[in-house]
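An overview of the molecular structure
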Amino acid sequence: MSYIVIVKEECATCQLVVPVLQALSEHVELTIYSQDNPGFPAGFEVNDDTDLAVSWRMNIETVPTIIKLSETGEEIDRTFGWDCAAWEALLGLELKQDIPAFRPGCGSMTQDPGMPEKLAAKYDRDLLKSRELSIASEEDDIEACFDRGWSDGLPVVPPTPERVMRMLTGTKRDPAEVIGVVPPDLVECSIEKIAINAVLAGCKPEYLPVVIAAVEAALQDEFCMHGLLATTYYSGPLVIVNGPLSRAIGMNSRGNALGQGNRANATIGRALQLVIRNVGGGKPGGVDRSVFGNPGKYTFCFAEDETNSCWESLSVERGFDETASTVTLFAADGMQGIVDQKSREPESLCRSFAAGLRVVGHPKMVLASDAILVVSPEHERVFRDAGWTKRQLKDRLMELLTISTDELIAGAGGIAEGLPEKLAGRQFPKFREGGLQVVRAGGSAGMFSAIIAGWGASGTIGSTPVTREIKLG
Amino acid sequence: MTIFMDPTSERSPEARQPLPRPSDLMGKTVGLLDISKPRGDIFIDRLEDLLIQRGVKTKRYKKPTFTRVAPTELKQQIAEECDAVIESLAD
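Residues numbered from 1 in each chain as written. Chains lettered and ligands numbered in written order. Predicted model: local features only at pLDDT ≥ 70, side-chain atom pairs only at ≥ 80, totals over all residues.

As for the sheet that holds strand β3 (residues 46–48) of chain A
Residues and elements named next belong to chain A. The strand order across the open sheet formed by five strands is β3-β2-β1-β5-β6, and the pairing between neighbours is mixed. Of all the strands in the sheet, the pair left with one neighbour each is β3 and β6 (75–80). Averaged over all pairs of adjacent strands, the angle between their axes in this sheet comes to 25°, without regard to strand direction. In the packing of helix α4 (residues 84–91) onto the sheet, contacts are made with β5 (65–69) and β6, and the angle to β6 comes to roughly 165°. (Pairing = 2+ DSSP bridges. Helix = DSSP H or I, 4+ residues; strand = E, 2+ residues; numbered from the N terminus. Axes fitted to C-alpha atoms, helices over the stretch in contact; angles between N-to-C directions. Contact = placed C-beta atoms within 7 Å.)

Right, dumping it as structure tokens:
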């Protein structure tokens, strides 16, 4: 049986226990490591741990820490700080000392701000498999990232090993785990590559599970990420986050939810786009052939406001428990407003919504794009007061958006665009079954809602929205 | 010196040479692959007319949807049955 003690001179509790260590060394085999001064404590043969290698490997959080080892060197038990009773229990000895029975310890130097990621990058580096690129010390870090083509046009956070290691603390998943194949180059994507791109995007480690779930969802065949990237259409991936995690990481679901200013909203959507760009090789002018793109292709991510809604959330509608946290990916264009400040009855407001939804893609285009209607609190109140469920709202919208093909055929209304004339005399719905989603978000003042139109290729010929649970393990 | 971790797939793709072009299509079979965009059939109909006039055999194929890459089975079938293929994109 032997014992290891980790101390630092700067710690008053470590200094306090020196007489205990002296008494102990007469009874047991004691190995002392000092984090700051190998000359402390005086009178002992002290091991130098100023590089913190031992402290890091032994996962020391507090000094002093005393660890009991078996004869084969395996840890049996440990205690930290100075708690006379706990030390006695660990040692199986009575410690008669003229010092207080209890003093809390001090923080281990391995826990100093910025230190865990430094030590992880130094001692756990073999966890990272990505190529290391050397940047000359005179080179500007941010410009170096631009030069290597890693940016979406805005500055990215340079992916140093320390930052990548810190990002990986956001998940317990193995950095080497491959989660899918990223288009257009169809290359395998590991958790590590996602973490590196999350660093570039500016994510905090706590966002990483959301980013991983978003990438997993984007790589499902039914989402059709390859086609969504390659299309001449406007669209790109939109991430809607539901569940308690969206609130825990401080996502914005209220005022300006679809806009700038919230780090989680901004960087999660951006990280997904950077994975497609950097891992998949999907770049504008390359496989991305969009005529216009849209501003959401920098980042498009928001949370649904579930706590104030009278309706079940998008994720519950899609079969998940309300305690689950999920991402839903949607192939989205930009946003179009729908302003109605006078409707106080659901029927009237539904008609306004339908008129706005009718023009998605083109007023004559049917069964092509999906759409998401983002209903604001003041608009939702109209339905809440009348006791309307989300289902009722959707059903009524689908009725109002069932359109006579006489209005849709080529030439109707003096517009050459349209359906073949042989389809005249029929009724077509604007959206495919399940192609219209309703979510609740936005600030508390303003009788506005928002329509997020979808890619012109929806359902089996293109993209179907995909929802995935966010795994925290 | 600063170290960055590479965010890319680290691929260094090998340059692949295209297969040799047939010097003459006479008596050969040309596949006509419609990617399922609107009016692709009009374009391919015209191509087919022109090829048949020149004594070239044709075979028609269609991708299930323009939004996804062609299924492997379809690519294999075209490779087996044709000497060349024209993939047509229309709108």
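Read on, since the account is not over.
Concerning the packing of helix α7 (residues 161–168) of chain A against helix α8 (residues 191–201) of chain A
All names here are of chain A. Running from N to C, α7 and α8 cross one another at 110°; their axes reach a closest spacing of 9 Å. Considering their axes alone, α7 and α8 lie roughly perpendicular with respect to each other. Across from Arg163, Val164, Met167 and Leu168 in α7, the residues of α8 making contact are Ala195, Ile196, Ala198 and Val199. Grouping the constituent residues of the contact of α7 with α8 by class yields seven nonpolar, no polar and one charged. (Parallel < 35°, antiparallel > 145°, perpendicular 65-115°, else oblique. Nonpolar A, V, L, I, M, F, W, Y, C, P; charged D, E, K, R; others polar.)

Regarding helix α15 (residues 377–386) of chain A
All names here are of chain A. If you check which residues of α15 are buried, you get Pro377, His379, Glu380, Val382 and Phe383. Elements that come into contact with the buried residues of α15 comprise α14 (346–358), β16 (371–375), α16 (390–400), β19 (436–440) and β20 (448–454). After α15 finishes, the residue Gly387 shows a positive phi value of roughly 70°. (Buried ≥ 20, exposed ≤ 12 C-beta atoms within 10 Å, placed from the backbone.)

Here's the deal with the pairing of strand β15 (residues 326–339) of chain A
Residues and elements named next belong to chain A. Taken across its 14 residues, β15 has ten buried, putting it largely inside the fold. In the sheet, strand β13 (residues 236–242) pairs with β15 via seven bridges, with the strands oriented antiparallel. Pairing of Val241 across the sheet is with Val327, part of β15. Looking at chain direction, β15 and β20 are connected through six bridges and run antiparallel. Along β20, the bridge assignment pairs Ile338 with Ser449.

Side note on the nonpolar core
Proteins that are soluble and globular tend to have nonpolar side chains buried together. Residue and element names in this part refer to chain A. Of all hydrophobic cores here, the largest spans 101 residues; its most connected members are Ala198, Val211, Ala214 and Val239. Lining this core are residues from two domains, each supplying at least three of them: domain 1 (2–111) and domain 2 (143–469). Judged by nonpolar contacts, the second largest core, of 16 residues, contains Ile4, Val5, Ile60 and Trp87. (Core = buried A, V, L, I, M, F, W, Y, C linked by C-beta atoms within 7 Å. Domains from an automatic or database assignment.)

Considering the interface of chain A and chain B
Contact residues are listed per partner, giving 31 residues for chain A and 15 residues for chain B. Elements supplying a minimum of two residues to the side of chain A that touches chain B: β10 (132–135), α7, α8 and α10 (225–230) of chain A. The residue makeup of the side of chain A that touches chain B, split by class, is 16 nonpolar, ten polar and five charged. As paired elements, β10(A) and strand β1 (residues 2–5) of chain B share four bridges and run antiparallel to each other.

With respect to the domain arrangement of chain A
Structurally, chain A comprises domain 1 (2–111) and domain 2 (143–469). On a C-alpha basis, the centres of domain 1 of chain A and domain 2 of chain A stand 54 Å from each other.

Observations concerning unusual backbone geometry
Peptide bonds are trans in most cases, and residues, glycine excluded, mostly fall at negative phi. All names here are of chain A. Following Val63, the chain continues to Pro64 via a peptide bond in cis, the omega torsion being -5°. Inspection of the secondary structure assignment puts Pro64 in the loop between β4 (62–63) and β5. One non-glycine residue, Cys224, adopts positive backbone phi at about 60°. Inspection of the secondary structure assignment puts Cys224 in the loop between α9 (208–218) and α10. Residue classification places Cys224 among the buried residues on the basis of 27 C-beta atoms within 10 Å.

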